[in-house]
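Take a look at the letters that make up each chain.
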Amino acid sequence: SRSSACKDFMNREIRVLLAEDSAADAEIVAKELVKGGLAYTSKLVKSKDEFFKALQEFAPDIVLCDYNMPGFSAPEALEIIKKSCPETPLIVVSGTIGEDVAVDTIKLGANDYLMKDRLGRLVPAVRRAIKEASAASECKRLENELARSNEENFKNIFDHAADGILLAEAASKKFHIGNPAICGMLGYTQEEIRNLGVMDICPEKDLPYVIEQFEKMTKGEIKSSPGLPVKKKDGTLLYVDVSAANISIAGITYLMGFSHNITESKKIEEAL
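Quick caveat, the model's predicted, so the values are computed rather than measured.

### What to know about the packing of helix H3 (residues 48-57) against helix H4 (residues 74-84)
No. 1: H4 packs onto H3 with a crossing angle of 30° between their chain directions and a minimal axis gap of 11 Å. Between H3 and H4, the interaxial angle falls into the category roughly parallel. As H3 packs across H4, the resulting crossing turns out to be right-handed. Taking contact as the criterion, the partners of Lys48, Phe51, Phe52, Leu55 and Gln56 in H3 are, on H4, Glu76, Ala77, Ile80, Ile81 and Ser84.
No. 2: The class makeup of the residues in the contact of H3 with H4 is six nonpolar, two polar and two charged.

### Some remarks on the packing of aromatic side chains
Each aromatic ring pair is summarised here by two numbers: the centre-to-centre distance and the angle between the ring planes.
No. 1: All chains considered together, the criterion is met by two aromatic pairs.
No. 2: Measuring from ring centre to ring centre gives 5.3 Å for Phe51 and Phe72, while their planes differ by 50°; the resulting arrangement is tilted. Note that Phe51 is positioned in helix H3 and Phe72 in strand E5 (residues 72-73), a separation of 21 residues in sequence. In this pair, the class of Phe51 matches that of Phe72, namely buried.

### Some remarks on the sheet that holds strand E2 (residues 40-45)
No. 1: Reading across the sheet, the five strands line up as E2-E1-E3-E6-E7 and stay open at both edges, with parallel pairing between neighbours. Lying at the two open borders of the sheet, with one neighbouring strand each, are E2 and strand E7 (112-115). Each strand axis lies, on average, 20° off the axis of its neighbour in the sheet, ignoring direction.
No. 2: Inspection of the sheet shows strand E1 (residues 14-19) paired to strand E3 (residues 62-65) by four bridges, in the parallel sense. Bridging across to E3, Val16 finds its partner in Ile62.
No. 3: Against the sheet, helix H2 (residues 23-35) engages E1, E2, E3 and strand E6 (90-94), with an angle of about 170° to E2.

Cut-offs applied
- Residues numbered from 1 in each chain as written.
- Predicted model: local features only at pLDDT ≥ 70, side-chain atom pairs only at ≥ 80, totals over all residues.
- Heavy atoms only, no water.
- Axes fitted to C-alpha atoms, helices over the stretch in contact; angles between N-to-C directions.
- Helix = DSSP H or I, 4+ residues; strand = E, 2+ residues; numbered from the N terminus.
- Parallel < 35°, antiparallel > 145°, perpendicular 65-115°, else oblique.
- Left-handed = near helix turned anticlockwise from the far one by under 90°.
- Contact = heavy atoms within 4.5 Å.
- Nonpolar A, V, L, I, M, F, W, Y, C, P; charged D, E, K, R; others polar.
- Phe/Tyr/Trp six-rings, centres within 6.5 Å; stacked < 30°, edge-to-face > 60°.
- Buried < 20%, exposed > 50% of the residue type's maximum accessible area, 1.4 Å probe, protein only.
- Pairing = 2+ DSSP bridges.

Below is the structure:
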């Protein structure tokens, strides 16, 4: 992975992509890298098309880019990197362009800005940029692993929970998914659950009350609703205690409801 490549850069050659239209300036940069004791292999590109192709095929650890070249510029290079390989650091190595332009370039995502006539800190800047990229990549990897771990834990809870769990879209009140417990409780398969909504499992005479309770839970006005009537697939009436919480998935608000079947205790209560 690119993260591993960055982490062991001290022990191997660094892949340096140099975007520079001047052969003389490219030679100056190369000499400074050698002078600084950096083991590297490089690729020189002079156009936008060459730059894009090199990002894919050469897979650089770092990009050193002149600010202005014929038909190409550092801001354009940064835009390409953002879209194709955002983890790759870029250092602008250029002539005088003014402090404001240099600051704006950093704001666009450049890791550093160096003057061609003052390259004494080029190698330290390269080492630092790659270390930062490595750290950022490692953090991202850990975040992804944690997300996968949380997803696996949630799925385990979802699949093995004794209570029924339903995920319903707040706006449409349509079910997104149901766990095995709710399917067993209502007599539907998980595929059938996905084609249903609150209105489909609620007795018609109780619909206004159930909708009211659903909307209050969606707004966070209440966190639970005891003894809600629901219909099984065969028409049998059940009573469930529902606890719910709002969650957001891809910008859409859902109500996750946990249902506990209290039908038997309801029958005993009515008999008493």
